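These are the residues of each chain, in order.
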Amino acid sequence: MLRSRGIPPGITTRRYPVDLDKLSERLDQDLPNRYDAILHLGQAPGTSAIHLESIAINVAGVTQSPGLAFGPLIAGAPVAYQSRCPVGRMSAELHAAGIPASISYHAGTYLCNALMYLTHHWHAARGTRCLIGFAHLPLTIEQTLRSHREMPGLAKADLARGIEVMLGVLQASAREEIQSQIA
């Protein structure tokens, strides 16, 4: 578990490896901790807004092998999972905070998608309910400058505020869901 200054109590952070097998192993270690809500984050170079992913597909794409047919992440598993994460509410709150955001209907075919899909599948296979979200963040301005290419980006402060807004929406939604189950 990573703890650093500025992370509120009750929030756990993880950094996952950029390797499908290692990612799966780490998820299998982490997910039994029974989180109320999960927000995965990734980066999407070339974007100028936070993309709130709503669908993860059962495709194990590998960027090193372009043009090859991709197999499933899990044979015989559902084709896709649609997030119950309140992406519409997140988008509205991000816009209200002055942070560009949009809803995306495809999390890609590599690790970001795999992370979202495997997390949903883990919970579905166990019959547990968890609000699971995934957001692709633009690069920071510093990252775009280091790339020496003309690309859009957002300031670190705006991205940090965006993450704070998304976590607030997710936490409120998880509390509302727990309250509705009690009532």
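Above this text is the structure in question.
Predicted model, so just to flag it, every value in this text is computed and none were measured. (Residues numbered from 1 in each chain as written. Predicted model: local features only at pLDDT ≥ 70, side-chain atom pairs only at ≥ 80, totals over all residues. Heavy atoms only, no water.)

**Concerning helix H3 (residues 111-126)**
A rise of 1.5 Å per residue sets the reference length of H3, with its 16 residues, at 22 Å; its end C-alpha atoms lie 22 Å apart and thus fit the reference within 8%. The set of residues buried in H3 consists of Leu111, Asn113, Ala114, Leu115, Met116, Tyr117, Leu118, Thr119, His120, His121, Trp122 and His123. Contacts from the buried residues of H3 go to helix H1 (20-30), strand E1 (37-43), strand E2 (50-53), strand E3 (55-57), strand E4 (80-82) and strand E6 (131-137). Trailing H3 by a residue or two, Gly127 shows a phi angle of about 70°, which is positive. (Helix = DSSP H or I, 4+ residues; strand = E, 2+ residues; numbered from the N terminus. Expected span 1.5 Å × (residues − 1). Buried < 20%, exposed > 50% of the residue type's maximum accessible area, 1.4 Å probe, protein only. Contact = heavy atoms within 4.5 Å.)

**A look at the packing of aromatic side chains**
For the coordinates displayed, the defined rule picks out one aromatic pair. Measuring from centroid to centroid gives 4.9 Å for Tyr81 and Tyr117, while their planes differ by 50°, and the two rings are tilted. One end of the pair, Tyr81, is in strand E4; the other, Tyr117, is in helix H3, and 36 residues separate them in sequence. (Phe/Tyr/Trp six-rings, centres within 6.5 Å; stacked < 30°, edge-to-face > 60°.)

**Things to note about the packing of H1 against H3**
Remark: H1 packs on H3, axes separated minimally by 11 Å, with the N-to-C direction vectors making an angle of 30°. Where H1 crosses over H3, the handedness of that crossing is right-handed. Between H1 and H3, the contacting residues are Leu20, Leu23, Ser24, Leu27 and Asp28 on the first element and Leu111, Ala114, Leu115, Leu118, Thr119 and Trp122 on the second. (Axes fitted to C-alpha atoms, helices over the stretch in contact; angles between N-to-C directions. Left-handed = near helix turned anticlockwise from the far one by under 90°.)

**Thoughts on the sheet that holds E1**
Backbone-to-backbone hydrogen bonds join strands into a sheet, with any given pair of strands oriented parallel or antiparallel. Within the open sheet, the four strands sit side by side as E1-E6-E2-E5. Their pairing is mixed. Of all the strands in the sheet, just E1 and strand E5 (101-104) have a single pairing partner and so form its edges. For this sheet, the mean angle separating the axes of adjacent strands, direction not counted, is 25°. As judged from the seven bridges shared by E1 and E6, these two strands associate in the parallel manner. Of the residues in E6, the one forming a bridge with Ala37 is Leu131. (Pairing = 2+ DSSP bridges.)

**Observations concerning unusual backbone geometry**
In this structure, Arg34 is a non-glycine residue whose phi angle is positive, near 60°. The phi dihedral of His148 is positive, around 60°, even though this residue is not glycine. Given a relative accessible area of 74%, His148 falls into the exposed group.

**Some details on the nonpolar core**
A general tendency of soluble globular proteins is for nonpolar side chains to be buried together. Within the largest apolar cluster, 21 residues are counted, with the highest numbers of intra-cluster contacts made by Leu23, Leu27, Leu73, Leu115, Tyr117 and Leu118. Of all the elements, H3 adds the most residues to this core, at seven residues. In contact with Leu115, other than residues within four places in its own chain, are Tyr16, Leu23, Leu27, His40 and Phe134. Within the second largest apolar cluster, 19 residues are counted, among which are Leu52, Ala101, Met166 and Leu170. (Core = buried A, V, L, I, M, F, W, Y, C linked by side-chain atoms within 4.5 Å.)

**Quick word on the environment of Ile141**
Here Ile141 lies in helix H4 (residues 141-147). Assessed through its relative accessible area of 35%, Ile141 is described here as partly exposed. Remark: the alpha-carbon pair of Ile141 and Met151, spanning 10 residues in sequence, is separated by 9.0 Å. Contact partners of Ile141, with chain neighbours within four places excluded, come to Gly153, Leu154 and Ala155.

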